[in-house]
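# Survey of secondary and tertiary structure
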Amino acid sequence: MTDIEQLEASILDDIHAAADEAALESVRVATLGKQGSVSALLKTLGAMSPDERRTRGAAINALKDRVGLAIADRKAVLKDAALDARLARETVDITLPVRPGPLAEGRIHPVSQVIDEITAIFTDMGFSVAEGPDIETDHYNFTALNFPPDHPAREMHDTFFLKPKQDGSRLLLRTHTSPVQVRTMEREKPPIRIIAPGRTYRCDSDATHTPMFHQVEGLVIDETTHFGHLKWVLEEFLKAFFEVDEVKTRFRPSFFPFTEPSMEVDVGCKRSGSEIRIGEGDDWLEILGCGMVHPNVIRSAGLDPDRYQGFAFGMGIDRIAMLKYGMPDLRAFFDADVRWLRHYGFRPLDLPSLYGGLTS
Ligand code: PHE
């Protein structure tokens, strides 16, 4: 065997032994690279006689070509093998059942759902949504709403007060959404038509009361707004919300410092056992407070009560959610128990709308 044949045999062995592209690349460098064995042979040509160089030169160049081809062949084989291995590794079994994603598993809390429903109904009637802070001043929660200083109603609200400041004033957690009435009248010029859903706080806890609960406030201020408008708006709302054709309402005289006259509204219902049906029967269920906004409130918000008047109402959101969807205990609303949420929650993409159906 000539030295060239010997070298070729050993290089071909190395090429076939290369198990991956990296190993093959090392063989290429060790043979055809600048310092490689084939390149070293080529360098010997310089010292040869012209005759010798012709025959040796042709033989070495032919070796170089064969080695180059063998490497290219091996490379193609390794590439295919690598692709096959990767395809085998990454196979997906499309017969496996799809794992439920967040959209299938997640649920909208009934309070959020009911707020969306209320918003859909009132925005359809031309109301917009207003907001106010949960942490309020005594002024917005009480004084501007015509609660006299030391009036017992301030105590009736079971207010959570924050620590008094240096000047003796203390912030509080709003006990109702009515402060948003004042904030809105200060900010906007009539005509005003807003609802203000949000969190409210009172120091109270049993099956139908939690220290944090939700209310929605309604406020309409214009020059000729009257009690008839209030009654129509509330009845339209109740029919749409409870998804019934007719509701009976009963307006009972009541007292709130910020409305005059003040009313509590009962809705006609039928009770059988623990079930309550709205829109039928001869029983009554109290669901909200309302009245014509007191001139003092309009004045303290910076509007002229001789020119502007209107109505306001306030309703417990959790309570009407319980009524509509039949949850027996309010406290469970805030237990963050996923089993409860799975049972009573709503699918995220079923947004309530009047045309698509509130609760389809
Ligand atoms: N803010 C009152 C409450 O929490 C409800 C109410 C609002 C009554 C607006 C009249 C007008 O009990």
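Residues numbered from 1 in each chain as written. Predicted model: local features only at pLDDT ≥ 70, side-chain atom pairs only at ≥ 80, totals over all residues. Heavy atoms only, no water.

## A short note on the overall build of the chain
Within the chain one finds 13 helices and 10 strands. Against the 2.2 N^0.38 benchmark of 21 Å for 360 residues, the chain shows a C-alpha radius of gyration of 41 Å, more extended than a compact globule. Each principal axis of the C-alpha atoms in the chain carries an extent, and together these give about 125 × 55 × 40 Å. Residue burial in the chain is summarised as follows: out of 360 residues, 39% are buried. For the chain, the proportion of contacts with a sequence separation of at least 24, taken over those separated by at least 6, is 65%. Surface summary for the chain: the accessible area is close to 20100 Å², and the carbon and sulfur share equals 54%. Here the chain carries 42 positive and 55 negative side-chain charges, and the mean point of each set is 4 Å from the other. (Helix = DSSP H or I, 4+ residues; strand = E, 2+ residues; numbered from the N terminus. Rg over C-alpha atoms; globule rule 2.2 N^0.38 Å. Buried < 20%, exposed > 50% of the residue type's maximum accessible area, 1.4 Å probe, protein only. Contact = heavy atoms within 4.5 Å. Areas by Shrake-Rupley, 256 points an atom, 1.4 Å probe, with all protein chains shown as cover. Lys, Arg positive; Asp, Glu negative; His and termini not counted. Charge placed at Lys NZ, Arg CZ, Asp CG, Glu CD.)

## A closer look at the packing of helix H1 (residues 3-17) against helix H4 (residues 50-89)
As a packed pair, H1 and H4 sit with axes 10 Å apart at the nearest point and diverge in direction by 10°. With respect to their mutual orientation, H1 and H4 come out roughly parallel. Along the contact surface, H1 presents Asp 3, Ile 4, Leu 7, Glu 8, Ile 11, Leu 12, Ile 15 and His 16, while H4 presents Arg 56, Ala 59, Ile 60, Leu 63, Arg 66, Val 67, Ala 70, Ile 71 and Arg 74. For the contact of H1 with H4, the class distribution of residues is 11 nonpolar, 1 polar and 5 charged. (Axes fitted to C-alpha atoms, helices over the stretch in contact; angles between N-to-C directions. Parallel < 35°, antiparallel > 145°, perpendicular 65-115°, else oblique. Nonpolar A, V, L, I, M, F, W, Y, C, P; charged D, E, K, R; others polar.)

## Focus: unusual backbone geometry
For the bond running from Pro 190 to Pro 191, omega is 5°, close enough to zero to count as cis. Within the secondary structure, Pro 191 is located in the loop between helix H9 (179-187) and strand E4 (192-201). Residue Glu 243 is not a glycine yet carries a positive backbone phi of 55°. With respect to the secondary-structure elements, Glu 243 resides in the loop between helix H10 (227-242) and strand E6 (249-256).

## Notes on the domain arrangement of the chain
Partitioning the chain into structural domains gives domain 1 (3-89) and domain 2 (105-344). A straight line from the C-alpha centre of domain 1 to that of domain 2 covers 87 Å. (Domains from an automatic or database assignment.)

## A few points about the pairing of strand E9 (residues 283-293)
Along any regular strand the residues' side chains alternate between the sheet's two faces. Across the 11 residues of E9, 8 count as buried, placing the element largely inside the fold. Of the strand pairs in this sheet, strand E7 (residues 259-272) and E9 are connected by 9 bridges, and their pairing is antiparallel. Counterpart to Gly 268 in the pairing with E9 is Trp 284. Here E9 pairs with strand E10 (residues 309-316) via 5 bridges, running antiparallel. Each bridged residue has a counterpart across the sheet, and for Gly 291 the counterpart in E10 is Ala 312. (Pairing = 2+ DSSP bridges.)

## Digging into the packing of aromatic side chains
For the structure on display, the rule yields 13 aromatic pairs. On the basis of an interplanar angle of 75° and a centroid distance of 4.9 Å, the ring pair of Phe 142 and Phe 147 is categorised as edge-to-face. Classification of Phe 142 as buried rests on a relative accessible area of 0%. On the basis of relative accessible area, Phe 147 is assigned to the buried category, the value being 2%. Here the guanidinium or amino end of Arg 170 rests over the ring plane of Phe 161, the centre of that ring lying 3.7 Å away. Between the NZ or CZ atom of Arg 183 and the centre of the ring of Tyr 140, over which it lies, the distance is 4.0 Å. (Phe/Tyr/Trp six-rings, centres within 6.5 Å; stacked < 30°, edge-to-face > 60°. Lys NZ or Arg CZ within 6 Å of the ring centre and 35° of its normal.)

## Details of the pairing of E6
Judged from the 7 bridges that link them, E6 and E7 form a sheet pairing that is antiparallel. Bridging from a neighbouring strand, Pro 253 pairs with Met 263 of E7. Hairpin geometry of E6 and E7 is characterised by an intervening segment of 2 residues between the two adjacent antiparallel strands.

## Details of the site of the ligand
Surrounding the ligand, one finds 14 residues, the nearest of these being His 176, Ser 178, Arg 202, Gln 215 and Glu 217. Take His 176: an N or O atom from its side chain is 3.0 Å from a nitrogen atom of the ligand. Burial of the ligand by the protein chains amounts to 92% of its free accessible area of 330 Å². Those elements giving two or more residues to the shell around the ligand turn out to be strand E5 (212-222), E9 and E10. Looking at the shell around the ligand element by element, the count peaks at 3 residues for E10. Residues belonging to the shell around the ligand are distributed by class as follows: 5 nonpolar, 7 polar and 2 charged. (Near = heavy atom within 4 Å. Polar contact = N/O pair within 3.5 Å; in protein donor to acceptor, adjacent residues only side chain to side chain.)

## Some words on the nonpolar core
With 44 residues, the main nonpolar core has Ile 118, Phe 237 and Cys 290 as its most contacted residues. Elements supplying a minimum of two residues to this core: helix H6 (110-124), E5, H10, E7, E9, E10, helix H12 (317-325) and helix H13 (338-344). For this core, the element with the highest residue contribution is H10, accounting for 7 residues. When neighbours within four sequence positions are excluded, Ile 118 is seen to be in contact with Ile 195, Val 216, Phe 237, Phe 241, Ile 317 and Ile 320. Judged by nonpolar contacts, the second largest core, of 23 residues, contains Ala 130, Ala 196, Phe 258 and Val 297. (Core = buried A, V, L, I, M, F, W, Y, C linked by side-chain atoms within 4.5 Å.)

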